[in-house]
Amino acid sequence: MPKKKNKTKQRIIPGSEAIREGLIEAAKKDRNVIFQAEGVSDPSSVYGTTKNLEKIFNKKRIIEMPLSENAMTGVAIGASFLGKRPIISLHRVEFALLALEQIINNAAKSHYTSMGQHSVPIVIRLIVGRGWGQGPEHSQSLENLFSMIPGLKVITPTFPADAKGMIISAIEDNNPVVVIEHRWCHYIKGHVPNKYYKSQIKEPIKIKNGKDVTIVANSLNVIECLFVAKILKKYKINIDLFDLRVCRPLELGKIKKSVKKTGKLITVDLGSKILGIGSEIVSEITSSCFNYLKKPPIRIGMPDYPTPSSRGYLKNHYPDKRKIINELSKLFPIIKKNYKSIMIEIDKESKKLPIDVPDPSFKGPF
Amino acid sequence: MLFIRLVEEMIAEKYKEQKMRCPVHLSIGQEAAAVGVCNALSKKDRIFSTHRSHSHYLAKNGDLKKMLAEIYGKLSGCCGGRGGSMHLFDKSAGVTASVPLVSSSIALATGSALNSKINNTKEVTISFLGDGSVEEGIFHESLNFASINKLPIIYVCENNLYSVYTHLNERQPLRSFNKLGEAHAVKSITCDGNNVSKVNEITLKLLKECKKNKGPFLLTLNTYRHREHCGPNYDNNIGYRTEKEFKHWKKKDPILVFKKELIRKYKFNEKNFDNLSKSLTKKISIAFKYAEKSKLPNPSLISKYVYA
Ligand SMILES: Cc1ncc(C[n+]2csc(CCOP(=O)(O)OP(=O)(O)O)c2C)c(N)n1
Ligand SMILES: [Mg+2]
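The rules behind the values
As a convention, each chain's residues are numbered from 1 in the sequence order in which they are written. Here chains are named by letter from A upward and ligands by number from 1 upward, in the order in which they appear as written. Thresholds applied to this predicted model are a pLDDT of at least 70 for local features of residues and 80 or more for the giving and counting of side-chain atom pairs; totals over whole chains, interfaces and linings are not thresholded and use all residues. Based on all heavy atoms of the structure, the side-chain values leave hydrogens and waters out of the count. To count toward a patch, a residue needs a relative accessible area over 30% and no salt bridge; like charges are then connected within 9 Å, while nonpolar side chains (Val, Leu, Ile, Met, Phe, Trp, Tyr) are connected within 5 Å. Using the Shrake-Rupley algorithm and a 1.4 Å probe, accessible areas are obtained, with residue cover drawn only from the displayed protein chains. Any Lys or Arg side-chain nitrogen found within 4 Å of a carboxyl oxygen on Asp or Glu counts as a salt bridge. Positive charge is attributed to Lys and Arg, negative charge to Asp and Glu, and no charge count is given to His or to the chain ends. Charged side chains are reduced to one point each, which is NZ for Lys, CZ for Arg, CG for Asp and CD for Glu. Numbering goes from the N terminus for both helices and strands, where a helix is a DSSP run of H or I of at least four residues and a strand is a run of E of at least two. Exposure classes here rest on a 1.4 Å probe applied to the protein chains alone. A residue is buried below 20% of its type maximum, exposed above 50%, and partly exposed in between. Every residue pair with non-hydrogen atoms within 4.5 Å of one another is taken to be in contact. For the purposes of these results, a polar contact is taken to be a pair of N or O atoms within 3.5 Å, where, inside protein, one atom must be able to donate a hydrogen and its partner to accept one; residues adjacent in sequence count only when each atom of the pair is a side-chain atom. Here the rule is simple: two strands pair whenever DSSP picks up at least two bridges between them. A fitted line through C-alpha atoms represents every axis, and for helices the fit uses only the stretch in contact; the resulting angles, taken between N-to-C directions, go from 0 to 180 degrees. As annotated, the domain borders come from an automatic or database domain assignment. When two parts are brought into contact, each loses some accessible area as probed by a 1.4 Å sphere; the total of that loss over both is the buried area. Residues are labelled near a given molecule or strand when at least one of their non-hydrogen atoms is within 4 Å of it. Both cavities and pockets are sets of points on a 1 Å grid over the protein atoms alone; in a cavity a 1.4 Å probe fits but cannot get out, in a pocket the set is open with protein on both sides within 12 Å along at least five of seven lines, and lining residues sit with an atom within 4 Å of a point. Assignment to a cavity or pocket requires that more than half of a molecule's atoms be within 2 Å of the site's grid points. When residue character is reported, Ala, Val, Leu, Ile, Met, Phe, Trp, Tyr, Cys and Pro are called nonpolar, Asp, Glu, Lys and Arg charged, and the others, Gly included, polar. Residues enter a nonpolar core if they are buried and are Ala, Val, Leu, Ile, Met, Phe, Trp, Tyr or Cys, with the set joined through side-chain atoms within 4.5 Å. Along the chain, pLDDT gives the predictor's confidence residue by residue, from 0 to 100. Grid points are joined across faces, edges and corners, and a volume is the space filled by probe spheres set on the points. For Phe, Tyr and Trp, where Trp contributes only its six-membered ring, two rings pair if their centres lie within 6.5 Å, and the inter-plane angle classes them as stacked under 30 degrees, edge-to-face over 60, or tilted in between. A ring has a charge above it when a Lys NZ or an Arg CZ is no more than 6 Å from the ring centre and no more than 35 degrees off the ring normal.

Peer 1: Please explain a positive patch on the surface as it appears in this structure.
Peer 2: Residues B:Lys117, B:Lys150, B:Lys187 and B:Lys214 make up a contiguous surface patch of positive charge. Tracing the backbone through its elements, the reader meets B:Lys117 in helix α5 (residues 104-119).

Here's what the structure looks like:
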């Protein structure tokens, strides 16, 4: 988005606030929207995203959810058959694992098996808990797990303004939409319009125009890629950078067009590299744009083992700027030649933050 | 009990140094449950715990140094820094597993009891759970299975009235926890969870029954957590519970209750108490030093142990 000069018109808020606005706007517009969460109105209110809803809406629409993820997902699906638009918010992606049967069978397939007589307009918000030693069972993103399932939509918002619009679109959508929110993206600040608006949840968005290499990333990794793009511009490498946003349905028209121009493709997954969304993208692009590819496509993503708690293990674990540069250096000799100075530049420009916190304000404890 | 209290108070004190970089769920105020139960067990008996695992682990004689090192994220920790505070275990002490997902370990504990039953060995399994746990289906599925198979297991529900910031009354109807067990034909008892002697006495009885193939049991212990759900601080200021409620339970602090009992029955006095605190604090400080000095794991170890 181009920077506006008129600063008074900019309303800068963090991603978590933008998401909350999206929830509120959608619920104001449609009385069928109802909310479910564990601690939906408690002092923390799902990282602030469901704060004070009970003050704005009829209390019947704000449902405190017992620790019954499986049943309560089914409850939401059942209510949605009859016209409600439930939004379930879970503090961690992993809590949805208890509800996989409901999500994969009933949510994803009821429209299909009923030959369109039922629809399941529910939104399942799942938050990726990375950071502060959350450990192997509290920090996964698992977007590829949900993206396997026909009938579900899976989105991964990155920037605040887009996140608000995507949330509204997800709520208006007549299909079950799984929203994978990275809690580090909750801290990203940006201008967010103060009104009801939708952002499409159909395809990626190009966020940087370049002719040299196509990079497709999502969620937090988009930020890493933007950083890389900025540094490499000085070396005359221009990245055609896409925020994937929507993992399912996977609409690759724009990516194909880009690869036909650049001949080079890198994917950066939030979750695992193996059997990740990037695997599917690379496979599709290889099938359809084989003759345009000048180099073998490259996938970056989480490695093939769990994420432990201790920060000691985590050096080189996440797909960060350094990893992306390393992979890019296989495509561009100029990066290899200037490797040291590029790395120094990265160090200089990086916020000096420990590996396990999203923001200087973050001090734990969870 | 005092030992566990002092360990956790030191965790709370040192947490602000930002060297313990994982969530910590303290049991301060709930120690009588862990100690009353675990003190009745033998080394061979096994326990399973939750996200709030420190007190269970220590009460079952889990290694303090390894626990602290784990919380500090060190290679010398009980999981080598892989799990953090919510995954504590010490196999040799019979702390088989702690699992951070609510209710997840209830089924594991049931499996442990099934093993004893098949092997015809006499050890008993304890499944520690919170009042929130009974809202998950897996609690009921596990009790049903344990009941039809008469498994040697005691499900110990620590009812501290809250799941995070939400009071029990907002999550469950008014009824006793005993009824939940009884619905599965599991004999169920509720008792004051802040009275360590009572908890101990009842546990000993139930253990005997379990060994005579008269398990399983559901034991509900009413108690209260003094600090915030997760983290080192008090949180009465944020408004989900009242100062009055807090003070009411503070008066029933399990350590105070037991101290009074000791004074009444065994000529115990304040000076004994101070001396005990001092000697325990010394031991605990040494363990903290060990944890702080231990090395962080090397990143190259991260890919180990994915497969057996
Ligand atoms: C399946 C699942 N849902 C939600 C959570 C988040 N969570 C962690 S602890 C907790 C509260 C559990 O309450 P209770 O069982 O009473 O234990 P207490 O914290 O009071 O010891 C919740 C909801 C989780 N860890 N796992
Ligand atoms: Mg509780």
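Let us keep going from here.
Peer 1: Before we go on, may I ask you to explain the environment of A:Lys84 in this structure?
Peer 2: Residues and elements named next belong to chain A. Relative to the assigned elements, lysine 84 resides in the loop between α3 (69-81) and β4 (85-90). Taking the relative accessible area as the measure of exposure, lysine 84 reaches 33% and is therefore partly exposed. Separated by 54 residues in the primary sequence, lysine 84 and aspartate 30 place their C-alpha atoms 9.5 Å from one another. If we ignore the near neighbours within four places in the chain, the residues touching lysine 84 are Asn32, Ile34, Ala79 and Pro121. A distance of 3.4 Å separates a polar atom in the side chain of lysine 84 from a polar atom in the side chain of asparagine 32.

Peer 1: Looking at this structure, I do not really get the sheet that holds strand β10 (residues 213-217) of chain A. What am I missing?
Peer 2: Sheet strands associate in pairs through backbone hydrogen bonding, adopting either a parallel or an antiparallel arrangement. Residues and elements named next belong to chain A. An order of β9-β11-β10-β13-β14 is seen for the 5 strands of this open sheet, with the pairing classed as mixed. Looking at the sheet topology across the chains shown, the edges are occupied by β9 (205-208) and β14 (298-302). Strand-to-strand twist in this sheet, taken as the mean axis angle between neighbours without regard to direction, amounts to 25°. The sheet contact formed by strand β13 (residues 265-272) and β14 spans 4 bridges and is parallel. Across the sheet, threonine 267 pairs through a bridge with arginine 299, a residue of β14. Packed onto the sheet, helix α10 (residues 321-328) meets β10, β11 (239-243), β13 and β14 and runs at close to 160° relative to β14.

Peer 1: When you look at the domain arrangement of chain A in this model, what are you seeing that I'm missing?
Peer 2: Often, the extent of an interface is quoted as the loss of accessible area upon association of its parts. Residue and element names in this part refer to chain A. Splitting chain A by domain gives domain 1 (12-191) and domain 2 (205-350). Taking only C-alpha atoms, the centre of domain 1 and the centre of domain 2 are 28 Å apart. Counting residues at the interface gives 27 residues for domain 1, matched by 27 residues for domain 2. Together domain 1 and domain 2 conceal approximately 2000 Å² of surface at their shared face, both sides included; 57% is due to carbon and sulfur atoms. Per-residue buried area on domain 1 facing domain 2 is highest for Arg130, Asn144 and Thr156; these three make up 23% of the total on that side.

Peer 1: What is the right way to look at the site of ligand 1 in this model?
Peer 2: Close to ligand 1 lie 21 residues; A:Glu69, B:His51, B:Arg52, B:Asp131 and B:Asn160 are nearest. In this structure, a nitrogen atom belonging to ligand 1 sits 3.0 Å away from a main-chain N or O atom of B:Val102. Between ligand 1 and B:Gly132, the relevant distance is 2.9 Å, taken from an oxygen atom to a main-chain nitrogen or oxygen of the residue. Relative to its unbound accessible area of 580 Å², ligand 1 is 93% covered by the protein chains. The site holding ligand 1 turns out to be the largest cavity. Class assignment for the residues of the shell around ligand 1 results in 8 nonpolar, 8 polar and 5 charged.

Peer 1: When you look at the interface of chain A and chain B in this model, what are you seeing that I'm missing?
Peer 2: Opposite the 37 residues of chain A that make contact, chain B presents 44 residues. In total, about 3100 Å² of surface goes out of reach between chain A and chain B, with carbon and sulfur atoms giving 62% of it. Its largest share of buried area at the contact with chain B, chain A owes to A:Leu67, A:Trp132 and A:Tyr313, together 25% of the area lost on that side. Summed over the shared surface of chain A and chain B, the number is 1 salt bridge. Between A:Asp356 and B:Arg21 there is a salt bridge; the shortest N-O distance is 2.6 Å. Between the two partners, chain A and chain B, sit 12 residue pairs in polar contact (both at pLDDT 80 or more).

Peer 1: Can you help me understand the side chain of A:His186 in this one?
Peer 2: Residues and elements named next belong to chain A. You can see histidine 186 is positioned in the loop between β7 (177-182) and β8 (189-191). You can call histidine 186 buried: its relative accessible area is 6%. In this structure histidine 186 touches Pro14, Gly15, Ser16, Ile19, Tyr47, Thr49, Ile127 and Glu181, once residues within four positions along its chain are discounted.

Peer 1: What is the right way to read the nonpolar core from this model?
Peer 2: One finds B:Val7, B:Ile11, B:Ile154 and B:Ile284 to be the most contacted residues of the largest nonpolar core, which totals 65 residues. The leading source of residues in this core is helix α1 (residues 2-15) of chain B, at 9 residues. Core analysis: the next-biggest nonpolar cluster, separate from the first, contains 40 residues, A:Cys247, A:Leu252, A:Val282 and A:Ile285 among them.

Peer 1: How should the confidence of the model for chain A be read in this particular structure?
Peer 2: For chain A, the average pLDDT comes to 96, and 98% of its residues sit at 70 or higher. When mean pLDDT is compared element by element in chain A, strand β6 (residues 153-155) of chain A scores highest at 99, while helix α12 (residues 339-349) of chain A scores lowest at 91.

Peer 1: Teacher, can you tell me more about empty space enclosed by the protein here?
Peer 2: If a probe the size of a water molecule is rolled over the atoms, the empty space left behind becomes visible. Scanning all chains against the criterion turns up 4 cavities of 30 Å³ or more. In this structure, the largest cavity encloses a volume near 780 Å³. Along the walls of the largest cavity sit 44 residues, with B:His25, B:His51, B:Val102, B:Val164 and B:His229 positioned nearest its centre. Where the lining of the largest cavity is concerned, the elements lending two or more residues are β3 (125-130) and β5 (162-163) of chain B. Examining the composition of the lining of the largest cavity, we find that 3 residues originate from one element, β3(B), more than from any other. Looking at the lining of the largest cavity, its residues break down into 17 nonpolar, 17 polar and 10 charged. Considering only enclosed or pocket space, the second largest cavity measures out at about 70 Å³ in volume. Along the wall of the second largest cavity there are 15 residues; nearest its centre are A:Gly131, A:Gly133, A:Gln134, A:Leu314 and A:Tyr318. Of the residues in the lining of the second largest cavity, the class split is 6 nonpolar, 7 polar and 2 charged.

Peer 1: Would you explain the packing of aromatic side chains in this entry?
Peer 2: Remark: the centre distance and the inter-plane angle together describe each pair of aromatic rings, the angle taken between the planes. Here the structure, examined in full by the defined rule, presents 9 aromatic pairs over all chains. Note on B:Tyr162 and B:Tyr224: the rings are 6.4 Å apart at their centroids and 75° apart in plane angle, and the pair reads as edge-to-face. Taken together, the residues B:Tyr162 in strand β5 and B:Tyr224 in the loop between β8 (217-222) and α9 (243-251) connect sequence positions 62 residues apart. Both residues of the pair, B:Tyr162 and B:Tyr224, count as buried. Here B:Tyr224 and B:Trp249 contribute two aromatic rings whose centre-to-centre distance is 5.4 Å and whose plane-to-plane angle is 5°, an arrangement assigned as stacked. A residue pair is termed long-range when its members are at least 10 positions apart, and B:Tyr224 in the loop between β8 and α9 and B:Trp249 in helix α9 qualify at 25 residues. Under the relative-accessibility criterion, B:Trp249 is labelled buried at 11%. Looking at A:Lys321, its charged tip hangs above the ring of A:Phe227, at a distance of 4.7 Å from the centre. Between B:Lys252 and the ring centre of B:Trp249, over which it is positioned, the NZ or CZ distance is 4.5 Å.

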